[in-house]
Amino acid sequence: MKIHKEGHATITLISSLLIVSIATMQVFFPKAGALALWIYLPLVLLLVMVVQFFRSPQRPFNYNDSGVVSPADGHIVVLEETSEKEYFNKPMRQVSIFMSPIDVHLNRYPVSGKMIYFKYHPGKYMVAWNPKSSYLNERTSIAFETSENQHVFMRQVAGFLARRIVYYGKVGDQVKQCSELGFIKFGSRVDLLLPLNAKIDVKIGDKVKAGVTSIARFEPTASNAGE
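Presented here is an overview of the structure given in this document. (Residues numbered from 1 in each chain as written. Predicted model: local features only at pLDDT ≥ 70, side-chain atom pairs only at ≥ 80, totals over all residues. Heavy atoms only, no water.)

**Overview of the overall build of the protein**
Line of reasoning, step 1. Tallying secondary structure elements over the protein gives four helices and 14 strands in all.
Line of reasoning, step 2. For the protein, the proportion of its 227 residues judged to be buried stands at 46%.
Line of reasoning, step 3. Of the contacts made within the protein by residues no fewer than 6 positions apart, 73% connect residues no fewer than 24 positions apart. (Helix = DSSP H or I, 4+ residues; strand = E, 2+ residues; numbered from the N terminus. Buried < 20%, exposed > 50% of the residue type's maximum accessible area, 1.4 Å probe, protein only. Contact = heavy atoms within 4.5 Å.)

Encoded structure:
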């Protein structure tokens, strides 16, 4: 199992704490017996959870220039029409993915194209399934224009446990669908805002995988329809 680079420091820290705890108990409390397990067990469980959280599984990616693939592992929690007011300033269709602490938290680009906007927003740490978290929590906002002139807006939203959002790109980058976009540490959500005429391929409650699950398919734009 491959572990993502974002998890190396955290896993090393927890492993070191476990080793020190075992050594301390063996040297200073050799007769602690079963009592020592109450010290070891929480650290072992935490280590297992963190290793699972930072895993980076190898997958057969689903490349589709005429569609949108999931940028995150998790479950679909929102499907609705909304008004995107930060950059495109127009009605769009929102698809939100909740990432639990046991999901892979590596994010991937949902489309190929040009990154045309990025902004980091400091904020609160409400539970990520709360609809208000999209606007009140710490988050990043990213806008893309695809090679087929489609507009996609995305938010990485921190959750109750998340305390760090990592994004690897910058404005002007040509990005490739399914390549690594960034990381959100410890419970979070991702919002996708898509053109109103996008054909949605998921429903509330669906389990999705980053780089694999088709979220939506684009209808041809007026300029492309005539080609």
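**A look at the nonpolar core**
Line of reasoning, step 1. Among the nonpolar cores identified, the biggest contains 28 residues, and Phe-144, Leu-192, Leu-194 and Ile-215 are the most heavily contacted of them.
Line of reasoning, step 2. Every element with two or more residues in this core is listed here: strand S3 (90–99), strand S6 (139–146), strand S7 (151–158), strand S8 (165–167), strand S10 (180–184), strand S11 (188–194) and strand S14 (214–217).
Line of reasoning, step 3. Ignoring any residue separated from it by four or fewer positions in sequence, one finds Leu-192 in contact with Val-68, Pro-71, Arg-93, Gln-94, Val-95, Pro-110, Val-152, Phe-153, Met-154 and Ile-215.
Line of reasoning, step 4. Core analysis: the next-biggest nonpolar cluster, separate from the first, contains twelve residues, Leu-18, Phe-54, Leu-106 and Phe-183 among them. (Core = buried A, V, L, I, M, F, W, Y, C linked by side-chain atoms within 4.5 Å.)

**Quick notes on helix H1 (residues 8–28)**
Line of reasoning, step 1. With 21 residues, H1 ought to run about 30 Å at 1.5 Å a step, and its terminal C-alpha atoms sit 30 Å apart, in line with that.
Line of reasoning, step 2. Here H1 has its buried residues at Ile-11, Ile-14, Leu-18, Ser-21 and Met-25. Along the long axis of H1, the arc covered by the buried residues comes to 95°, so they all point the same way. Facing away from the buried side of H1, by more than 90 degrees, are the exposed residues Ala-9, Leu-13, Ile-19, Val-20, Val-27 and Phe-28.
Line of reasoning, step 3. On the buried face of H1, the contacting elements are helix H2 (37–53). (Expected span 1.5 Å × (residues − 1). Arc of directions from axis to C-beta.)

**Notes on the pairing of S6**
Line of reasoning, step 1. Among the eight residues in S6, seven count as buried, and that is most of the element.
Line of reasoning, step 2. As paired elements, S6 and S7 share seven bridges and run antiparallel to each other. By the bridge assignment, Ala-143 is partnered in S7 with Phe-153.
Line of reasoning, step 3. Here S6 folds back onto S7, and the loop between the two strands holds four residues, one of which, Asn-149, carries a positive phi near 65°. (Pairing = 2+ DSSP bridges.)

**Overview of the sheet that holds strand S12 (residues 199–200)**
Line of reasoning, step 1. The three strands lie next to each other as S1-S14-S12, forming an open sheet whose pairing is antiparallel. Of all strands in the sheet, those bounded by a partner on one side alone are strand S1 (67–69) and S12.
Line of reasoning, step 2. Inspection of the sheet shows S12 paired to S14 by two bridges, in the antiparallel sense. Opposite Ile-200, over in S14, you have Ala-216 as the bridge partner.

**Details of the packing of H1 against H2**
Line of reasoning, step 1. For the pair H1 and H2, the least separation of the axes is 10 Å and the interaxial angle reads 165°. Taken together, H1 and H2 sit at an angle that is classed as roughly antiparallel. Once H1 is placed against H2, the crossing between them reads as left-handed. Here Thr-10, Ile-11, Ile-14, Ser-15, Leu-17, Leu-18, Ser-21, Ile-22, Met-25 and Gln-26 of H1 lie close against H2, whose contacting residues are Ile-39, Tyr-40, Leu-43, Val-44, Leu-46, Leu-47, Val-50 and Val-51.
Line of reasoning, step 2. Residues that form the contact of H1 with H2 fall into these classes: 14 nonpolar, four polar and no charged. (Axes fitted to C-alpha atoms, helices over the stretch in contact; angles between N-to-C directions. Parallel < 35°, antiparallel > 145°, perpendicular 65-115°, else oblique. Left-handed = near helix turned anticlockwise from the far one by under 90°. Nonpolar A, V, L, I, M, F, W, Y, C, P; charged D, E, K, R; others polar.)

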